[in-house]
Amino acid sequence: MSKTYYLAQSNEVELFKAAAEMDLPVLIKGPTGCGKTRFIEAMGEELGRDVYTVVCHDDLSAADLVGRHLIDENGTYWQDGPLTKAVRNGGICYLDEIIEARKDTTVVLHSLADYRRVLPIDRTGEVIQAHPDFMLVVSYNPGYQNVLKGMKPSTKQRFISLTFNYPKAEIEKEVLLKESDVDDATAQKLVDIAGEIRQLTDTDIQEAVSTRLLIYAGKLISKGFDPYQACMHSIVESLSDEEDVLEVLEKLISLHFEKNSNV
Amino acid sequence: MLHYWLEFEESIGKVWDKYLNRKVHKFHEEQRVHFTDISKSLNIFHHLMGGEKGKDLQVTDKRYVDTSRTALQKLSFLGKEFFLTWQDDDSIYLPASFAYFPTKEENEMLYYWLIAMSVHTNVTDKNLIEQNQKAMHYLTNKYSGFEKFYFNASEYLISKYEQLGFIKSLDEKTDEDLINDYPNPMWIYPSALTINAANNLNESDEDLTREEDKDESDVLEMKKQANQIDDKHETDGFLAFLPESLMSIFEQVNVDRMEDDTFDENALYHAEDLDEITIGQKQANLSSRIKMDFDLQPDKTLMYPIGKGHYIDEWDYLKNDYLINYVRILPQVNTNIIPIELPSRLKKTVRKIQAELDLLKLDRIKNDNLPYGDEINIDSWIEYSSHQNKSMHHQKFYTTFEKKTRDMATLILADVSLSTESGITQEVRIIDVIKDSLIVFSEALEKLQDKFAIYTFSSLQNKKVYFTIIKNFKNKYDDLIRGRIDSIKPEYYTRMGAAIRESAKILDKQQSANKLLLIISDGKPNDEDRYDGRYGIEDTKKAIQEVKKKGITPFCITVDLDAKEYLSYLFGRDGFAVVRDGQKLPKVLTEVYINLTK
């Protein structure tokens with residue numbers, strides 16, 4: 001398998017490696033599509049550890065993380081959850097969008113995320129000492145607005161924090177060139193568009209265009225799709241549903257890529 | 001007979017007018033694009049281009065330019081006045097409409113072009129050419145769309161207006177007279193004020209060149225001569241007479257307020273009669289035109305000050321720093337209160353909202369391992385079955401869902417400035433709706449058992465920001481609180497930043513995990529002093545940022561329909577709600593709260 005492509009934005013690779021070595025848990029903050037998940041995958045490969053990803057949601061219970069009893073023809077047996085697996089065998093346990101999980105669920109992480117590095121399992125009475133290669137990584141997107149959704153300070157303060165943002169223009173362009181095979185001029189234009197749209201964040205649109213969307217647009221264009229249409233479908237339409245915002249974004253795209261009247 | 005003759009004469013006149021217009025104007029009236037129709041989009045575009053979000057877009061007034069006019073233009077009084085695009089610290093000023101080009105798209109594009117230009121230029125009368133050329137090159141290089149537009153448009157303009165020939169062969173050596181001869185509609189010009197200051201323009205000269213009255217004006221802004229004055233100094237406009245004499249006039253004149261409030265047509269009507277409209281630098285704020293301290297009539301309500309007040313900071317965006325202890329907060333409470341029961345007109349709304357709340361399963365908490373309950377928890381059951389010695393193990397494998405009160409603290413901050421006295425309909429004032437909302441909302445929160453407090457604010461400059469306690473977090477919601485809500489009276493102005501900071505301080509002391517600051521307002525922050533326009537907006541913005549830093553969520557509900565632009569700047573896109581029908585405020589307020597905390 002080819003190596004996962006990841007281009008460092010600043011010091012995050014060194015920091016992550018140092019944290020892995022020192023057995024420190026890591027918290028990653030950042031807007032959607034800025035490369036959080038890709039970063040973890042790349043780091044997992046780099047460090048030679050498996051990555052157990054759990055996408056959190058508000059019905060996620062502690063049993064979904066730790067494990068539960070199941071039944072087969074011989075009766076019941078214990079099945080490890082992803083967290084327990086990582087703790088036993090070593091590897092990176094990556095809890096994506098941790099903010100979505102209920103607060104009482106995330107409390108099981110506490111004993112793992114400090115110096116103890118143990119996971120007690122109530123159901124079986126087992127207390128597992130974490131494998132030396134075990135590493136806990138959680139991520140969340142601070143952009144969502146809901147008063148009741150936030151991380152408990154007692155959870156938050158157990159992690160080394162890494163803040164991700166959309167990459168700088170040059171880096172983003174390089175990522176685009178690598179990921180989507182577009183030519184240099186198109187990549188530059190896409191990055192310009194992204195830079196401009198990101199200035200609307202918070203005031204006119206909820207969240208700005210992600211690197212992921214740019215790559216989608218780039219892929220469509222390199223497949224021979226009309227650039228104007230590609231941007232409209234991959235970037236503009238997914239950002240807003242409001243008429244006036246769409247109109248202006250359309251204008252912006254048409255300034256960069258000529259609108260082909262016969263499409 | 002005479003009647004026919006008159007009609008005939010009129011139609012001749014119309015033909016003549018049409019002829020002149022076509023000959024001189026060279027405008028494409030059918031393709032005219034108006035600023036007001038696309039102002040919203042332009043605003044977003046301005047942000048897109050990286051413009052400062054605190055800036056406003058506004059319509060410019062007419063500028064007087066000495067041009068060489070053709071005989072026909074002189075005959076029809078055209079060609080001397082122009083709408084130029086310019087900007088200052090507060091706003092970008094754009095012409096009210098464009099009809100230079102034969103298609104709507106191009107006329108519209110001219111607006112977008114000017115917005116983009118304004119972001120990349122900082123024009124004074126010294127560097128007009130250099131700045132505009134630089135921005136033009138930048139834009140045409142970066143955007144193929146602009147490139148195409150610019151070259152087509154300039155070709156077209158040159159072909160129509162030979163005076164604009166200079167656009168083509170422009171460099172530093174180009175004769176300035178040539179450029180000043182006829183303004184380029186695709187350029188950004190310095191503000192009239194800076195030109196006047198630089199050239200020491202003789203104002204009386206301008207007066208002499210005033211044009212004759214015109215018979216009729218179909219579009220108002222087409223015919224007026226504009227004059228811009230520098231009224232930023234506070235000393236200007238001093239009224240040199242004894243206030244008493246003014247008072248006596250007030251006493252004699254019967255002012256029918258309801259009549260006066262239908263101002264729109266009247267203003268337009270009077271404007272049509274004027275030859276010259278002078279536009280000041282200040283934004284509309286009547287209070288700053290006539291400053292007087294009236295002795296307030298003794299009121300039946302008795303406001304009891306709590307302490308001597310304390311000082312808090314204010315943000316000055318011009319200095320980019322805080323003014324330390326600049327604003328004085330005066331907490332007070334109304335002590336002369338008659339407790340009231342829930343008014344019967346609100347009973348129906350309250351009952352309806354409480355019924356809705358019953359349906360909500362707010363934040364269900366799952367309780368596992370119960371001996372009885374709503375449903376079997378499969379995990380507990382398996383655990384039970386997997387147990388070696390079942391008889392020794394407890395048979396608790398049920399789950400129930402339980403409603404729990406939320407760990408929420410909400411502070412409601414209501415704007416009770418004088419502007420809330422204006423009416424939504426003939427009978428209902430904004431303040432009435434705000435009062436009703438506060439009562440309905442309190443009933444709802446009481447039902448939800450959420451913690452809440454209510455404060456109102458109004459201000460008289462930085463010296464007096466009245467911060468009135470209606471209900472603090474410890475007060476029990478009862479008839480007395482309802483009485484306090486009922487006794488709210490509109491007064492003074494809206495120094496929003498100070499009130500927000502004070503509220504944040506109170507919320508910060510609450511132990512709850514979730515804190516919400518709900519602001520009810522009817523318009524922009526403003527006060528008698530310079531707390532108006534951008535200064536007020538920037539200070540409020542700063543205050544909001546401080547609130548967020550404290551882990552408090554701010555949310556604004558407003559009945560100001562034009563509010564969207566500045567509100568999204570202040571609170572972020574999802575941080576506010578505009579209530580179109582003011583009378584629905586009581587219901588909307590509660591719904592917004594539930595949505596925020598669901």
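Predicted model only: the values in this text are computed from it and were never measured.

### Some details on unusual backbone geometry
So, point 1. You will see that Asp181(A), though not glycine, has its phi angle at about 60°, which is positive.
So, point 2. Along the polypeptide, Asp181(A) turns up in the loop between α7 (169-180) and α8 (184-198).
So, point 3. The exposure class assigned to Asp181(A) is exposed, which follows from its relative accessible area of 63%.
So, point 4. Backbone geometry at Gln461(B) places phi at a positive 60°, although glycine is not the residue there.
So, point 5. Position of Gln461(B) among the secondary structure elements: in the loop between β18 (451-460) and β19 (464-471).

### Section: the pairing of strand β8 (residues 134-140) of chain A
All names here are of chain A.
So, point 1. Counting buried residues along β8, 7 of its 7 residues qualify, which places the element largely inside the surrounding structure.
So, point 2. Here 4 bridges tie strand β1 (residues 26-29) to β8, and the two strands are oriented parallel to one another. Paired with lysine 29 across the two strands is tyrosine 140, which belongs to β8.
So, point 3. Inspection of the sheet shows strand β5 (residues 91-96) paired to β8 by 5 bridges, in the parallel sense. Counted as the bridge partner of leucine 95 is valine 138 from β8.

### As for the side chain of Glu172(A)
Residues and elements named next belong to chain A.
So, point 1. With respect to the helices and strands, glutamate 172 occurs in helix α7.
So, point 2. For glutamate 172, a relative accessible area of 1% corresponds to the buried category.
So, point 3. When neighbours within four sequence positions are excluded, glutamate 172 is seen to be in contact with Pro167, Val191, Ala194, Arg198, Thr211 and Leu214.

### Quick word on the nonpolar core
So, point 1. Counting residues in hydrophobic clusters, the biggest one holds 82 residues, and the most contacted among them are Leu190(A), Ile197(A), Ile235(A), Phe45(B), Leu110(B), Trp113(B) and Phe146(B).
So, point 2. When residues in this core are grouped by element, the largest group, 9 residues, is from helix α4 (residues 104-120) of chain B.
So, point 3. Core analysis: the next-biggest nonpolar cluster, separate from the first, contains 41 residues, Phe441(B), Ile520(B), Leu589(B) and Tyr593(B) among them.

### Observations regarding the confidence of the model for chain B
All names here are of chain B.
So, point 1. With 67% of its residues at a pLDDT of 70 or more, chain B has an overall mean of 73.
So, point 2. Looking over chain B, one finds the lowest element-wise mean pLDDT in helix α9 (residues 203-208), namely 36, and the highest in helix α17 (residues 496-508), namely 90.
So, point 3. Segment residues 231-238 is flagged for pLDDT under 50; beyond a separation of four residues in sequence, or across chains, it makes 10 contacts in the model.
So, point 4. Here residues 242-264 is modelled with pLDDT under 50, and outside its nearest four sequence neighbours on either side it reaches 6 contacts, counting other chains as well.

### Topic: a nonpolar patch on the surface
So, point 1. Together, Ile71(A), Ile376(B), Ile378(B) and Trp381(B) make up an exposed nonpolar region whose accessible area comes to about 390 Å².
So, point 2. Tracing the sequence through the fold places Ile376(B) in strand β15 (residues 375-376).
So, point 3. For Ile376(B), a relative accessible area of 47% corresponds to the partly exposed category.

### Regarding a positive patch on the surface
So, point 1. A cluster of basic side chains, namely Lys347(B), Lys348(B), Arg351(B) and Lys352(B), defines a positive patch on the protein surface.
So, point 2. Following the sequence through the fold, Arg351(B) ends up in helix α13 (residues 344-359).

### Thoughts on the packing of α8(A) against helix α11 (residues 243-256) of chain A
Residue and element names in this part refer to chain A.
So, point 1. Where α8 meets α11, the closest approach of the two axes is 11 Å, and the angle between their N-to-C directions is 155°. By the angle class used here, α8 and α11 are roughly antiparallel. Viewed along their axes, α8 and α11 form a crossing whose handedness is right-handed. Only Leu249, Leu252, Ile253 and His256 of α11 make contact with α8, whose side of the interface consists of Lys189, Asp192, Ile193, Glu196 and Ile197.
So, point 2. Partitioned by chemical class, the residues of the contact of α8 with α11 number 5 nonpolar, 1 polar and 3 charged.

### Examining the interface of chain B and chain A
So, point 1. Taken residue by residue, the interface counts 41 residues in chain B and 37 residues in chain A.
So, point 2. When the two sides are added together, the surface that chain B and chain A hide from each other amounts to roughly 3,600 Å², 54% of it contributed by carbon and sulfur.
So, point 3. Across the salt bridge formed by Glu258(A) and Lys148(B), the nearest N and O atoms sit 3.5 Å from each other.
So, point 4. In terms of residue class, the side of chain B that touches chain A is built from 15 nonpolar, 13 polar and 13 charged.

### Thoughts on the sheet that holds strand β8 (residues 188-189) of chain B
Residue and element names in this part refer to chain B.
So, point 1. One open sheet holds the 4 strands; their spatial order is β2-β6-β5-β8, and the pairing between them is mixed. The open sheet has two edge strands with one neighbour each: β2 (56-59) and β8.
So, point 2. The pairing of strand β5 (residues 85-87) with β8 spans 2 bridges and is classified as parallel. Bridging from a neighbouring strand, tryptophan 86 pairs with tyrosine 189 of β8.
So, point 3. The strands that α4 touches are β2, β5, β6 (91-94) and β8; relative to β6, the one it contacts most, it runs at about 145°.

### Section: the packing of α11(A) against α4(B)
So, point 1. Two numbers describe how α11(A) lies on α4(B): the axes approach to 13 Å, and their chain directions differ by 85°. The angle between α11(A) and α4(B) falls in the class roughly perpendicular. Within the contact between the two elements, α11(A) uses Val248(A), Lys251(A) and Leu255(A) and α4(B) uses Glu108(B), Met109(B) and Tyr112(B).
So, point 2. Among the residues forming the contact of α11(A) with α4(B), the class breakdown is 4 nonpolar, no polar and 2 charged.

### A few points about the packing of aromatic side chains
So, point 1. A full pass over the atoms with the stated rule returns 22 aromatic pairs over all chains.
So, point 2. The interplanar angle of 50° and the centroid separation of 5.2 Å between the aromatic rings of Tyr6(A) and Phe39(A) together place this pair among those described as tilted. Placement of Tyr6(A) in the segment before α1 (12-21) and of Phe39(A) in helix α2 (residues 36-47) is noted, with a sequence separation of 33 residues between them.
So, point 3. When the ring of Tyr455(B) is compared with that of Phe467(B), the centres are 5.0 Å apart and the planes differ by 20°; the resulting orientation is stacked. Of this pair, Tyr455(B) sits in strand β18 while Phe467(B) sits in strand β19, and the two are 12 residues apart along the sequence.
So, point 4. An aromatic cluster is present here, built from Phe35(B), Phe98(B), Tyr100(B), Phe101(B), Tyr111(B), Trp113(B), Tyr143(B), Phe146(B), Phe149(B), Tyr150(B), Phe151(B) and Tyr156(B) joined pairwise through their rings.
So, point 5. When the ring centre of Phe452(B) is taken as origin, the NZ or CZ atom of Lys471(B), which lies over that ring, is 4.3 Å away.
So, point 6. Positioned above the aromatic ring of Trp315(B), the side-chain terminus of Lys542(B) is 4.0 Å from the ring centre.

### Description of the sheet that holds β8(A)
Residue and element names in this part refer to chain A.
So, point 1. An order of β2-β5-β8-β1-β9 is seen for the 5 strands of this open sheet, with the pairing classed as parallel. Each edge of the open sheet carries a strand with a single partner, namely β2 (51-55) and β9 (160-163). Between one strand axis and the next, the sheet turns through 20° on average, direction left out of account.
So, point 2. Sheet contacts for α2: β1, β2, β5, β8 and β9; angle to β5, the most-contacted strand, approximately 175°.

### Points about helix α18 (residues 533-549) of chain B
All names here are of chain B.
So, point 1. With 17 residues, α18 extends 25 Å from end C-alpha to end C-alpha; this agrees with the ideal 24 Å at 1.5 Å per step.
So, point 2. Buried within α18 we find Gly533, Arg534, Tyr535, Gly536, Ile537, Glu538, Asp539, Thr540, Ala543, Ile544 and Val547.
So, point 3. Trailing α18 by a residue or two, glycine 551 shows a phi angle of about 80°, which is positive.

### Structural notes on the pattern of salt bridges
Between side chains of opposite charge, a pair can form when the charged atoms approach closely.
So, point 1. Within the structure shown, the criterion is met by 29 salt bridges over all chains.
So, point 2. One salt bridge in this structure joins Asp80(A) and Arg88(A), with 2.6 Å as the shortest N-O distance.
So, point 3. Judged by its relative accessible area of 17%, Asp80(A) is buried.
So, point 4. Residue classification places Arg88(A) among the partly exposed residues on the basis of a relative accessible area of 28%.
So, point 5. Through salt bridges that share partners, Glu314(B), Arg495(B), Asp527(B) and Asp529(B) make up one connected network.

What counts, and at which threshold
Residues numbered from 1 in each chain as written. Chains lettered and ligands numbered in written order. Predicted model: local features only at pLDDT ≥ 70, side-chain atom pairs only at ≥ 80, totals over all residues. Heavy atoms only, no water. Helix = DSSP H or I, 4+ residues; strand = E, 2+ residues; numbered from the N terminus. Buried < 20%, exposed > 50% of the residue type's maximum accessible area, 1.4 Å probe, protein only. Pairing = 2+ DSSP bridges. Contact = heavy atoms within 4.5 Å. Core = buried A, V, L, I, M, F, W, Y, C linked by side-chain atoms within 4.5 Å. pLDDT = per-residue confidence, 0-100. Patch = residues over 30% accessible without salt bridge, like charges linked within 9 Å, V, L, I, M, F, W, Y side chains within 5 Å. Areas by Shrake-Rupley, 256 points an atom, 1.4 Å probe, with all protein chains shown as cover. Salt bridge = Lys/Arg side-chain N within 4 Å of Asp/Glu carboxyl O. Lys, Arg positive; Asp, Glu negative; His and termini not counted. Charge placed at Lys NZ, Arg CZ, Asp CG, Glu CD. Axes fitted to C-alpha atoms, helices over the stretch in contact; angles between N-to-C directions. Parallel < 35°, antiparallel > 145°, perpendicular 65-115°, else oblique. Left-handed = near helix turned anticlockwise from the far one by under 90°. Nonpolar A, V, L, I, M, F, W, Y, C, P; charged D, E, K, R; others polar. Buried area = accessible area lost by both parts, 1.4 Å probe. Phe/Tyr/Trp six-rings, centres within 6.5 Å; stacked < 30°, edge-to-face > 60°. Lys NZ or Arg CZ within 6 Å of the ring centre and 35° of its normal. Expected span 1.5 Å × (residues − 1).

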